[in-house]
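Notes for the structure review
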Amino acid sequence: MNRKDFLALTTLGFLGISCGISKPNYTSKMLAIQLYTVRHSISKDLEKTFERLAELGFTEFEIYGYNGTFFGRTAKEFSQILKNHGLKVISSHHRTGITDDGDGTLLKNWQKTLEDLNFIGAKYAVCSYLPEAERSLENYRKLPEVLENAGRISKQKGIQLAYHNHDFEFLKMDEQRNFYDFILENTSSDLVKMELDLYWISKAGLDPLVYFEKYPERFPLWHVKDMKAVSKYFTEVGNGTIDFKKIFEAKEKAGLKHWFLEQDSSDKDIFESISLSKNYIKDKSYFFK
């Protein structure tokens, strides 16, 4: 099989699944990855990284690092690279711009950012991370308005805004609530959805199902990664302590639309880690029901 035919089969979701075997059809739509996982490989060779991910069955991505370009490519150039490899971008990560001065933030050139995201076919734009300088009480109080305004503009451009958590959002804001609840309670459920990182909420000691019940259909995007038992460090999906079966059984209540494999770092070669996670995921039907 030549490379072109191989990538075509990968895109259709037939990688590793022979005709007549009664297993789920693992399409690329079901098996997506946040490219931050392979950031070191991308810094060396973007297209080679894409080829390696496609060979593993990943043809849908969440991207990071937009600064007026996509990994140094214009929207037109990047779109052509995606087409050449049969790939699709679902979502893109961005910062607020409260303390960052670069392009591509919610507060700087957001209209142009959305135009570029539309050009490459993305559906979601996600506020990805608050640097430590933005984690003051004053900035948290400003954040819902920043998100609402960006979400309104995004909606007008046909893109859904979401907010991605780490663990620091679950620190107490006051006696009644944490910062994450404050964001949820003070933003529109239509304009600002949530991308729930299952690792970080678990590390903070909270149960995702509690949030699904309290804020139903607010969580269309998830980051799927696992946590070691003792160190609480990142590990491959299936090698840690997170009860993914329980969480995925509540996906309709959550409003899940897309989920992305992610592993921030690894004690192995990162592509080995990705392969281990992928193999575990393919063996567990609850990820795809």
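Everything discussed here concerns the structure shown above.
Because the structure is predicted, anything quoted here is derived from the model rather than measured.

A word on the sheet that holds strand β5 (residues 160-164). If you walk around this closed barrel you meet the eight strands as β1-β2-β3-β4-β5-β6-β7-β10, and the pairing is parallel. Pairs of neighbouring strands in the sheet enclose a mean axial angle of 30°, with direction left out of account. Of the strands in this sheet, β4 (124-127), β5 and β6 (192-197) touch helix α6 (residues 137-156), which is tilted by about 150° from β5.

The next thing to look at is unusual backbone geometry. Located in the positive-phi region is Phe-71, a residue other than glycine, with phi close to 55°. By the element assignment, Phe-71 lies in the loop between β2 (60-63) and α4 (75-85). Since its relative accessible area comes to 18%, Phe-71 is described here as buried. At Asn-109, a residue that is not glycine, the phi angle is positive and equals roughly 55°. Secondary-structure assignment places Asn-109 in the loop between β3 (88-94) and α5 (110-120). On the accessibility criterion, Asn-109 (43% relative accessible area) is partly exposed.

Here we come to the pairing of β4. The two faces of β4 match: Tyr-124 and Val-126 on one face and Ala-125 and Cys-127 on the other face are all buried. Across four bridges, the pairing between β3 and β4 is parallel. Looking at β4, one finds that Ser-92 is bridged to Ala-125. Assessed by its sense of winding, the connection that carries the chain from β3 through α5 to β4 is right-handed. Where β4 meets β5, four bridges bridge the pair, whose relative direction is parallel. Each residue of the ladder has a partner; that of Ala-125, found in β5, is Leu-161. Handedness of the crossover joining β4 and β5 through α6 is recorded here as right-handed.

Counted according to the given criterion, the structure contains 20 salt bridges. Note that Glu-185 and Arg-177 form a salt bridge whose closest N and O atoms lie 3.6 Å from each other. Note on Arg-177: relative accessible area 25%, which makes it partly exposed. Via salt bridges that share partners, Asp-197, Lys-225, Glu-262 and Asp-264 belong to a single interconnected network.

Our focus in this paragraph is the packing of helix α3 (residues 46-55) against α4. The interhelical angle for the contact between α3 and α4, taken along N-to-C directions, is 35°, at an axis separation of 11 Å. Note that α3 runs across α4; the crossing there is right-handed. Residues Leu-46, Glu-47, Phe-50 and Glu-51 of α3 touch α4, and the partners they reach there are Phe-78, Ile-81, Leu-82 and His-85. Considered class by class, the residues forming the contact of α3 with α4 number five nonpolar, one polar and two charged.

The next subject is the packing of α4 against α5. Where α4 meets α5, the closest approach of the two axes is 9 Å, and the angle between their N-to-C directions is 25°. For the element pair α4 / α5, the angle class is roughly parallel. Here the hand of the crossing between α4 and α5 comes out right-handed. Two secondary-structure elements touch here, α4 through Ala-75, Lys-76, Phe-78, Ser-79 and Leu-82 and α5 through Asp-116, Phe-119 and Ile-120. Split by residue class, the contact of α4 with α5 holds five nonpolar, one polar and two charged.

Here His-223 is to be found in strand β7 (residues 221-224). Residue classification places His-223 among the buried positions, given a relative accessible area of 0%. Considered as a pair, His-223 and His-258 are 35 residues apart in the sequence and their alpha carbons are 9.1 Å apart. Ignoring any residue separated from it by four or fewer positions in sequence, one finds His-223 in contact with Gln-34, Glu-62, His-93, His-164, Glu-195, Leu-196, Asp-197, Leu-198, Phe-260 and Glu-262.

Moving on, we come to α6. The α-helix winds at 3.6 residues per turn, so residues separated by three or four positions along the chain end up facing the same way. The first and last C-alpha atoms of α6 sit 30 Å apart over 20 residues, in line with the 28 Å expected at 1.5 Å per residue. Leu-143 marks where α6 bends most, by close to 30°; the proline Pro-144 follows one to four residues later. Listed as buried for α6 are Asn-139, Tyr-140, Leu-143, Pro-144, Val-146, Leu-147, Glu-148, Ala-150, Gly-151 and Ser-154. Looking at the buried positions of α6, the neighbouring elements they touch are α5, β4, β5, α7 (179-185) and β6.

Note that Ser-43 resides in helix α2 (residues 39-44). Considering only alpha carbons, one finds Ser-43 and Phe-71, 28 residues apart in sequence, at a separation of 8.3 Å. For Ser-43, the side chain forms a polar contact with the main-chain oxygen of His-40, separated by 2.6 Å.

Procedures and definitions
Residues numbered from 1 in each chain as written. Predicted model: local features only at pLDDT ≥ 70, side-chain atom pairs only at ≥ 80, totals over all residues. Heavy atoms only, no water. Pairing = 2+ DSSP bridges. Helix = DSSP H or I, 4+ residues; strand = E, 2+ residues; numbered from the N terminus. Axes fitted to C-alpha atoms, helices over the stretch in contact; angles between N-to-C directions. Contact = heavy atoms within 4.5 Å. Buried < 20%, exposed > 50% of the residue type's maximum accessible area, 1.4 Å probe, protein only. Right-handed = clockwise from strand over helix to strand, strands pointing away. Salt bridge = Lys/Arg side-chain N within 4 Å of Asp/Glu carboxyl O. Left-handed = near helix turned anticlockwise from the far one by under 90°. Nonpolar A, V, L, I, M, F, W, Y, C, P; charged D, E, K, R; others polar. Parallel < 35°, antiparallel > 145°, perpendicular 65-115°, else oblique. Expected span 1.5 Å × (residues − 1). Bend = angle between axes of the 7 residues up to and from the residue. Polar contact = N/O pair within 3.5 Å; in protein donor to acceptor, adjacent residues only side chain to side chain.

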